[in-house]
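# Per-entry structural report
What follows is the residue order along each chain.
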Amino acid sequence: MGKVQCPFCGDAGDVHEIVYGMPGPDFDFEKYEVGGCIVFDEQPDFRCRVCDWVGFRKPLKRRTK
Ligand SMILES: [Zn+2]
């Protein structure tokens, strides 16, 4: 998977995929954002650490829904 560009500030180097659930002992905090344990519909997939934008993967990768 290539780099994700933030649609808000345009930064492509600090947008991280949000991973939900309990992070394990080998969780890569540099690579991923922790989204928390609460799982609900339509939660954002990505967070930009530059401007704090959060968003969905939808525009980048289509969901089968
Ligand atoms: Zn941004």
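What counts and what doesn't
- Residues numbered from 1 in each chain as written.
- Predicted model: local features only at pLDDT ≥ 70, side-chain atom pairs only at ≥ 80, totals over all residues.
- Heavy atoms only, no water.
- Donors = N, O, S within 2.8 Å, 3.2 Å for Na, K, Ca; no water.
- Tetrahedral: all angles 85-135°; square planar, octahedral: opposite > 155°, others 65-115°.
- Buried < 20%, exposed > 50% of the residue type's maximum accessible area, 1.4 Å probe, protein only.
- Salt bridge = Lys/Arg side-chain N within 4 Å of Asp/Glu carboxyl O.
- Helix = DSSP H or I, 4+ residues; strand = E, 2+ residues; numbered from the N terminus.
- Polar contact = N/O pair within 3.5 Å; in protein donor to acceptor, adjacent residues only side chain to side chain.
- Contact = heavy atoms within 4.5 Å.

## Examining the coordination of the zinc ion
Those donors, Cys 6 (SG), Cys 9 (SG), Cys 48 (SG) and Cys 51 (SG), are the protein atoms that reach the zinc ion, and they lie 2.3 to 2.4 Å from it. Angles of 103 to 113 degrees at the metal separate the 4 donor atoms of the zinc ion, which places the site in the tetrahedral class. Within one chain, the residues donating to the zinc ion are spaced in sequence as C-x2-C-x38-C-x2-C. The partly exposed category is assigned to Cys 9, whose relative accessible area is 36%.

## With respect to the pattern of salt bridges
Throughout the structure, instances matching the rule amount to 2 salt bridges. Two residues, Arg 47 and Glu 33, come together in a salt bridge whose shortest N-O distance is 3.2 Å. On the criterion of sequence distance, the pair formed by Arg 47 in strand 3 (residues 46-48) and Glu 33 in strand 2 (residues 32-36) is long-range, its members being 14 residues apart. Using a relative accessible area of 26% as the deciding quantity, one classes Arg 47 as partly exposed. The salt bridge partner of Glu 33 is Arg 49, with a shortest N-O separation of 2.4 Å. Here Glu 33 is found in strand 2, whereas its partner Arg 49 is found in the loop between strand 3 and strand 4 (54-55), with 16 residues between them in sequence. Residue classification places Arg 49 among the partly exposed positions, given a relative accessible area of 32%. One network of salt bridges, in which partners are shared, links Glu 33, Arg 47 and Arg 49.

## Here we look at the side chain of Glu 33
With relative accessibility at 13%, the residue Glu 33 sits in the buried group. Polar side-chain contacts of Glu 33 include one of 3.2 Å to the side chain of Arg 47. In this structure the side chain of Glu 33 is engaged in a polar contact, spanning 2.4 Å, whose partner is the side chain of Arg 49. Setting aside residues up to four positions removed in sequence, Glu 33 forms contacts with His 16, Glu 17, Ile 18, Val 19, Phe 27, Arg 47 and Arg 49.

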